[in-house]
Structure formats: structure tokens, C-alpha cells
Amino acid sequence: MAEPKAPAKTGKSEVAPKPSSRAEIDAFLDRVRTLQPEASGRGRLIFAMDATMSRQPSWDLALQLQGDMFRAVKEVGGLDVQLVFFRGFNECQASRWVGDTDALAKLMRQVHCEGGHTQIRKVLTHARQESEKTKVNALVYVGDCMEEDIDELSQLAGELGLIGVPVFVFQEGREPRAERAFKEIARLSRGAYCPFDAGSARQLRELLTAVAVYATGGRKALQNFSDETRSGAAVRLLQQLG
């Protein structure tokens, strides 16, 4: 795939992000405690990312960290992941389902970020349609801004909540309008929201790994993972989902 030309900014806020506090990370990680997904020994997780131009550093970071999700759930039963991304002019794509880190890394390396507006509506709609075919245990969305109708996104998030697909929203930075929308998406879908600091591999690794374990084996698996690894991240995720 050819390297995209760098387009002009698309209206994303330049508000300086407020650093994520440890308490916020802790609160997010604890929230999984009350969720009880349908766990059949192999989880299904949609991993969605904003691939517009400003997101290239985070895309590269996620590519480095995604293998931790598969390693963390190996003893629980395994994980199937579908990559979903949007970028450019009206482009939103979903990959095939893959069950190992090499396959997901190969898919991610084929994608280059391009300028464009957010298309979160398409991500949420796709997650609902996919879960109606075969149960999806969780949707992870990583992004930094939101340029859509919050009421429409809220409706879609509520529909996901009704069919048992929690949305875990990880916001890079603290753009205010996006933060309000992301928190509402998480609340209505019965998922969770957490900001993370730009470029923080440790924070993003903790969050992705904990949700992967939850998607595969539910609360019990996450509790066991926490006990075995002494992962404060897993314990905190358990406590936030309520």
C-alpha cells in the first residue's frame, strides 16, 4: 500500500492533553468486575482503531503491543481478533478474524494512517452486525477525538449494551468533546472508558491485556490472571465495570 500524502488537519482539537492519573487507570481496570461475558474457552475481540493521520504513532505502538494480548490468554483458552480501522475519505475496513499475534501484526503492517474524519458510527454498527452473526465478547476502541453526532453514537452504543457487547474505550489524551462522547459510549454499552498518556506503552499494554483476558474467560479468568501475575491493572479493571 502506497504511503499517503499528508493532508491538512481535519478539525481535531489542539487542546493540550491532561495526563492520565494512576487513579483513572486503576478505576478503569477495576470496572470489569461486574461483567459476565459468555465465555466458551475462546474469546472474540474486535480491536478498532482510528487510523487518521494524527494516529500513526499510536498505531505503531499498538502494533508493538498486540502480541501481549495473545500471550496473556494462552492459558485461558485463546483469542480471536478482528482488526477494524477507518481513515481517509469514507474508508472503514474490517479484517478477517485471526487467532495469533503474527497474523494480526501482518494485517496491521499493511495499514498506513491517512487524514480524514472519525467514523466511529461505522465501527459500532459493524460490531453489532458481527455479534448478531457470532457472539463478540468485547469491542476495544482506541482513538483521540470524535467528530460525529454524539446522540447517534449513543443510540448505537446502547444497542451494543442490549446484546452484551461492552465497548472499552481507550482515549489518547483528553480532548474534551471526545471524552464526553467516549464516556457515554462506554456507559451505554456497559463497557468502560479510560484515557492513557500519549506514547505510554506500559499503560496501553496493561489495558489491552486485561480486556483480552476478560473477553476470553470473563471475570474469573481475569481474577486468576491478576492473582498469578500480581497485575494491579487486572484488579483495577475488575473494579471499574459495575
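Up top is the structure.
Quick summary incoming for the structure in this document. (Residues numbered from 1 in each chain as written. Predicted model: local features only at pLDDT ≥ 70, side-chain atom pairs only at ≥ 80, totals over all residues. Heavy atoms only, no water.)

1. Points about the overall build of the protein chain
Secondary structure assignment for the protein chain yields eight helices and six strands. Considering the protein chain as a whole, with its 242 residues, one finds that 57% of them fall into the buried category. Nonlocal contacts in the protein chain, meaning residues at least 24 apart in sequence, comprise 83% of its contacts between residues at least 6 apart. For the protein chain, the computed accessible surface area is about 10,500 Å², with 49% contributed by carbon and sulfur atoms. (Helix = DSSP H or I, 4+ residues; strand = E, 2+ residues; numbered from the N terminus. Buried < 20%, exposed > 50% of the residue type's maximum accessible area, 1.4 Å probe, protein only. Contact = heavy atoms within 4.5 Å. Areas by Shrake-Rupley, 256 points an atom, 1.4 Å probe, with all protein chains shown as cover.)

2. Quick word on helix H6 (residues 176–189)
Counted at 1.5 Å a residue, the expected span for H6 with its 14 residues is 20 Å, and the 20 Å between its end C-alpha atoms agrees. Burial in H6 covers these residues: Ala178, Glu179, Ala181, Phe182, Ile185, Ala186 and Ser189. Turning to H6, the residues buried within the fold contact helix H4 (120–133), strand E4 (138–143), helix H5 (150–162), strand E5 (167–172) and strand E6 (192–196). Between the side-chain oxygen of the N-cap and the backbone nitrogen of arginine 177 there are 3.3 Å, and the N-cap of H6 in question is glutamate 175. At the C-terminal side of H6, arginine 190 shows a positive phi close to 65°. (Expected span 1.5 Å × (residues − 1). Polar contact = N/O pair within 3.5 Å; in protein donor to acceptor, adjacent residues only side chain to side chain.)

3. Describing empty space enclosed by the protein
Here the structure, examined in full by the defined rule, presents one cavity of 30 Å³ or more. Taken together, Ile120, Val123, Leu124, Leu139, Tyr141, Val167, Val169, Phe182 and Ile185 make up the lining of the largest cavity. For the lining of the largest cavity, the secondary structure elements donating two or more residues are H4, E4, E5 and H6. Top element by residues in the lining of the largest cavity is H4. It accounts for three residues. In terms of residue class, the lining of the largest cavity is built from nine nonpolar, no polar and no charged. (1 Å grid on protein atoms, 1.4 Å probe; cavity = no way out; pocket = protein on both sides within 12 Å on 5 of 7 lines; lining within 4 Å. Points joined across faces, edges and corners; volume = space filled by probe spheres on them. Nonpolar A, V, L, I, M, F, W, Y, C, P; charged D, E, K, R; others polar.)

4. Examining the pairing of strand E1 (residues 43–50)
E1 sits mainly inside the fold: eight of its eight residues count as buried. Along E1, one buried face is formed by Gly43, Leu45, Phe47 and Met49 and the opposite face, lined by Arg44, Ile46, Ala48 and Asp50, is buried too. Bridge count between E1 and strand E2 (residues 79–87): eight bridges; the pairing is parallel. Residue pairing for E2: isoleucine 46 is matched across the bridge by glutamine 82. Sheet analysis places E1 next to E4, joined by five bridges and oriented parallel. Among the inter-strand pairings, phenylalanine 47 is bridged to a residue of E4, identified as valine 140. (Pairing = 2+ DSSP bridges.)

So, to be careful, I would describe these as geometric facts and stop short of saying anything about function.
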